[in-house]
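A structural walkthrough
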Amino acid sequence: MAATISTEAPARAAKPWYKVLYVQVLIAILLGVIVGWKLPELATNDWIKALGDGFIKLIKMVIAPIIFCTVVSGISHIQDARKVGRVGIKALVYFEVVSSFALLLGLVMGNLIQVGHGLAAKPDAAAVATFVKQAEAQKSVDFVLNIIPDSVVGALARGDILQVLLFAILFGFALMALGERGHRLRDLIDDTSHAVFGVIGIVMKAAPIGAFGAMAYTIGKFGPAALGNLIGLIALFYATAALFVIVVLGVIARFIGFNIFKFIAYIKDELLIVLGTSSSESALPQLMAKLERLGCSKSVVGLVVPTGYSFNLDGTNIYMTLATLFIAQALGVDLTFSQQLTILVVAMLTSKGASGVTGAGFVTLAATLSVVPSIPVAGMALIFGVDKFMSECRALTNIIGNGVATIVISAWERELDRAKLASVLDPRTAVDATELLRATGGE
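Residues numbered from 1 in each chain as written. Predicted model: local features only at pLDDT ≥ 70, side-chain atom pairs only at ≥ 80, totals over all residues. Heavy atoms only, no water.

Points about the overall build of the protein
Keep this limit in mind: By the criteria applied, helices consist of DSSP H or I runs no shorter than four residues and strands consist of E runs no shorter than two, each listed in order from the N terminus. Exposure categories follow from relative accessible area, calculated using a 1.4 Å probe and restricted to protein chains: below 20% of the type maximum is buried, above 50% is exposed, and the middle band is partly exposed. When checking whether two residues touch, look at their non-hydrogen atoms; a contact exists if any pair is within 4.5 Å. Accessible surface area values rest on a Shrake-Rupley calculation with a 1.4 Å probe, where residue burial reflects the displayed protein chains alone.
When helices and strands are tallied, the protein shows 22 helices and zero strands. When burial is assessed residue by residue, the protein has 53% of its 443 residues classed as buried. If you take every contact in the protein between residues at least 6 apart in sequence, the share linking residues at least 24 apart comes to 84%. As displayed, the protein has an accessible area near 20,400 Å², and 67% of this comes from carbon and sulfur atoms.

Brief notes about the nonpolar core
To keep it simple, the criterion reads: To form a nonpolar core, buried Ala, Val, Leu, Ile, Met, Phe, Trp, Tyr and Cys residues must be joined to one another through side-chain atoms within 4.5 Å.
Counting 123 residues, the largest nonpolar core has Tyr-94, Leu-249, Ile-383 and Val-404 as its most contacted members. When residues of this core are assigned to their parent elements, the largest contribution, 15 residues, is made by helix H20 (residues 381-412). Leaving out residues up to four positions away in the same chain, Val-404 has contacts with Tyr-94, Leu-249, Ile-252, Phe-258, Ile-260 and Phe-263.

A look at the packing of aromatic side chains
Condition: In summary, the pairing rule links any two rings of Phe, Tyr or Trp, Trp by its six-membered ring, whose centres are within 6.5 Å, and it sorts them by plane angle into stacked for under 30 degrees, edge-to-face for over 60 and tilted for everything else.
One pass over the full model with this rule turns up seven aromatic pairs. Between the aromatic rings of Tyr-94 and Phe-95, the centroid separation amounts to 6.3 Å while the plane-to-plane angle is 70°, which identifies the pairing as edge-to-face. A single burial state applies to Tyr-94 and to Phe-95, both of which are buried. Aromatic pair Phe-167 and Phe-171: ring centres 5.6 Å apart, planes at 45°, arrangement tilted.

Focus: the packing of helix H3 (residues 46-61) against helix H10 (residues 183-204)
Going by this rule: In this analysis an axis means a line fitted to C-alpha atoms, helices contributing only their contacting stretch, and an angle means the value between N-to-C directions, from 0 to 180 degrees. Comment on the angle field: the value is read as roughly parallel under 35 degrees, roughly antiparallel over 145, roughly perpendicular from 65 to 115, and oblique elsewhere. The classification used treats Ala, Val, Leu, Ile, Met, Phe, Trp, Tyr, Cys and Pro as nonpolar, Asp, Glu, Lys and Arg as charged, and all other residues, Gly among them, as polar.
With their axes 10 Å apart at the nearest point, H3 and H10 run at an angle of 175° to one another. Here H10 runs roughly antiparallel to H3, going by the angle between their axes. Only Val-199, Ile-200, Val-203 and Met-204 of H10 make contact with H3, whose side of the interface consists of Phe-55, Leu-58, Ile-59 and Met-61. Looking at the contact of H3 with H10, its residues break down into eight nonpolar, no polar and no charged.

A closer look at the pattern of salt bridges
The line we're drawing: For this document, the term salt bridge refers to a Lys or Arg side-chain nitrogen within 4 Å of an Asp or Glu carboxyl oxygen.
Within this structure, the stated rule accounts for two salt bridges. Between Lys-90 and Glu-413 there is a salt bridge; the shortest N-O distance is 2.8 Å. On the criterion of sequence distance, the pair formed by Lys-90 in helix H5 (residues 84-112) and Glu-413 in the loop between H20 and helix H21 (418-424) is long-range, its members being 323 residues apart. Residues Lys-90 and Glu-413 agree in their burial class; the two are buried. A salt bridge links Arg-186 to Asp-187, with the nearest nitrogen and oxygen atoms 3.8 Å apart.

What about H3?
Filter applied, for reference: The span you would expect from a helix comes to 1.5 Å times its residue count less one. Bending is quantified residue by residue as the angle between axes fitted to the seven-residue window ending at that residue and the seven-residue window starting at it. Side-chain atoms alone can form a polar contact between residues adjacent in sequence; in general such a contact is a pair of N or O atoms within 3.5 Å, and within protein one must be able to donate a hydrogen while the other accepts it.
A rise of 1.5 Å per residue sets the reference length of H3, with its 16 residues, at 22 Å; its end C-alpha atoms lie 21 Å apart and thus fit the reference within 8%. Of all the bends found along H3, the most pronounced is centred on Gly-52 and spans about 25°. Looking only at H3, the buried set comprises Ile-48, Gly-52, Phe-55, Ile-56 and Ile-59. Its side-chain oxygen 2.7 Å from the backbone nitrogen of Trp-47, Asn-45 forms the N-cap of H3.

Concerning unusual backbone geometry
A positive phi angle is found at Arg-414, which is not glycine, with a value near 60°. Tracing the chain through its elements places Arg-414 in the loop between H20 and H21.

A word on the environment of Pro-65
Mapping Pro-65 onto the fold places it in helix H4 (residues 63-76). We classify Pro-65 as partly exposed; its relative accessible area is 29%.

Considering helix H16 (residues 298-311)
Taking 1.5 Å per residue as the helical rise, H16 with its 14 residues ought to reach 20 Å, and the 20 Å between its terminal C-alpha atoms agrees with that figure. Where H16 is concerned, the buried positions are Val-300, Val-301, Leu-303, Val-304, Val-305, Thr-307, Gly-308, Tyr-309, Ser-310 and Phe-311.

Observations regarding the confidence of the model for the protein
Heads up, the condition is: The predictor attaches a confidence to each residue, and that confidence, scored 0 to 100, is pLDDT.
Taken as a whole, the protein shows an average pLDDT of 75; of its residues, 73% reach a score of 70 or greater. Ranking the helices and strands of the protein by mean pLDDT puts helix H13 (residues 260-266) first, with 92, and helix H6 (residues 125-137) last, with 43. Counted against residues more than four places away or in other chains, residues 123-140, with its pLDDT under 50, gives ten contacts. Confidence over residues 430-443 falls short of pLDDT 50; this stretch has 25 contacts with residues more than four positions distant or in other chains.

What about the side chain of Thr-406?
The topology assignment puts Thr-406 in helix H20. Note on Thr-406: relative accessible area 0%, which makes it buried. Reaching out from Thr-406, the side chain makes a polar contact with the backbone oxygen of Asn-402 at a distance of 2.9 Å. Sequence-distant contacts of Thr-406, that is, excluding residues within four places in its chain, are made with Leu-291, Cys-296, Val-300, Val-301, Val-304 and Val-305.

Some remarks on the environment of Leu-325
As for its placement among the helices and strands, Leu-325 is situated in helix H17 (residues 314-330). Along the chain, Leu-325 and Gly-106 lie 219 residues apart, while their C-alpha atoms are 9.0 Å from each other. Excluding residues that lie within four positions of it along the chain, Leu-325 makes contacts with Gly-106, Leu-107, Gly-110, Asn-111, Leu-335 and Gln-340.

Examining a nonpolar patch on the surface
The following threshold applies: Like-charged residues within 9 Å of one another, or nonpolar side chains (Val, Leu, Ile, Met, Phe, Trp, Tyr) within 5 Å, are grouped into patches, provided each residue has over 30% relative accessible area and no salt bridge.
A surface patch of nonpolar side chains, about 650 Å² in accessible area, is lined by Trp-17, Tyr-18, Ile-27, Leu-30, Leu-31 and Ile-34. The topology assignment puts Trp-17 in the segment before helix H1 (21-38). Here Trp-17 falls in the exposed class, since its relative accessible area comes to 58%.

Written as structure tokens, this is what we have:
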């Protein structure tokens with residue numbers, strides 16, 4: 001008889017409101033706006049600017065190890081589902097196709113509604129000229145060859161994301177091929193990944209300081225009018241994410257045979273958890289239990305949901321293309337069609353593993369900009385102050401996308417109980433997530 005696993009967590013004292021990171025960041029942003037508006041000379045001081053720049057450097061410090069660990073772990077863990085050959089490939093194909101739609105939608109909306117124009121942000125002219133010269137000098141063949149590192153250690157040391165990605169993909173497949181012999185090394189990489197994300201957790205404690213510095217400097221240098229552009233970016237991102245969920249995921253859901261709005265209502269508890277934590281991983285246990293109750297097979301849920309948290313990040317994809325175009329427009333960088341296509345391809349790779357940690361979408365944006373030489377990575381400081389307002393939407397879009405993906409792959413595998421799907425999505429059969437976890441804990 002299987003042992004019943006208790007899902008009840010010990011009661012915790014509520015955190016004082018002033019210790020909640022979200023509240024701290026909101027207060028820091030407000031103070032930054034006030035200081036930038038009322039004391040522009042102080043706000044444009046090099047030390048104030050350094051607060052935002054320093055936080056961005058801390059983020060960039062861990063990009064390479066995070067990319068390596070999450071990609072290797074994501075690929076090597078596929079074997080745990082015991083359906084690697086069929087379900088794994090179907091899931092990855094679906095992830096890439098839908099992610100491409102998300103990236104393209106972000107590019108289209110970013111080009112149609114250019115909210116970055118008019119910000120008149122201009123970094124150091126010499127630095128921009130250097131970036132432009134490097135971009136023009138690099139031929140397409142050089143770009144491709146540069147993906148191959150001279151040495152793995154050198155790629156990690158320099159933080160060359162594409163080179164790290166190439167090695168991580170090869171290493172992940174090699175580790176998967178080792179089977180049982182590779183489990184110990186895979187567990188070590190998983191533990192390393194948790195430790196690196198722990199570093200991100202420590203770094204995020206400095207987010208209020210970084211947000212204050214970035215916002216104060218932005219408002220102090222470009223004036224209160226800059227707020228209009230930033231609010232426009234937030235509104236455009238939310239509208240684009242909603243359009244993606246309703247149209248793209250809605251059409252996919254209708255094709256499979258369910259209503260996207262009823263599905264969103266069904267996982268409303270999980271969405272509220274995600275909204276409070278800005279991380280879609282916080283609701284993973286409840287989501288998996290609910291998807292099984294919805295009629296998806298246990299094996300498909302066990303493979304698709306965890307894999308999707310690294311490879312199916314629709315909200316993050318939309319964010320990266322929109323944010324990249326916003327920064328380019330604000331800096332007066334005109335991107336050619338080929339450059340935008342490069343951004344799309346790079347973002348498809350760097351978005352992997354961006355789920356689960358608050359602020360991870362900002363990390364992947366840094367990774368994307370670092371391989372697009374015509375856009376200075378320092379331009380991220382323009383949007384850091386409002387990034388928090390977009391992280392919730394990224395996480396919400398990601399979890400909805402992963403839920404839909406699991407239903408699609410279950411239907412593709414003919415392991416979806418459609419009668420149960422229709423019955424459970426009836427609002428009258430709604431069940432509390434905690435009760436569901438308790439009920440399934442011993443199965």
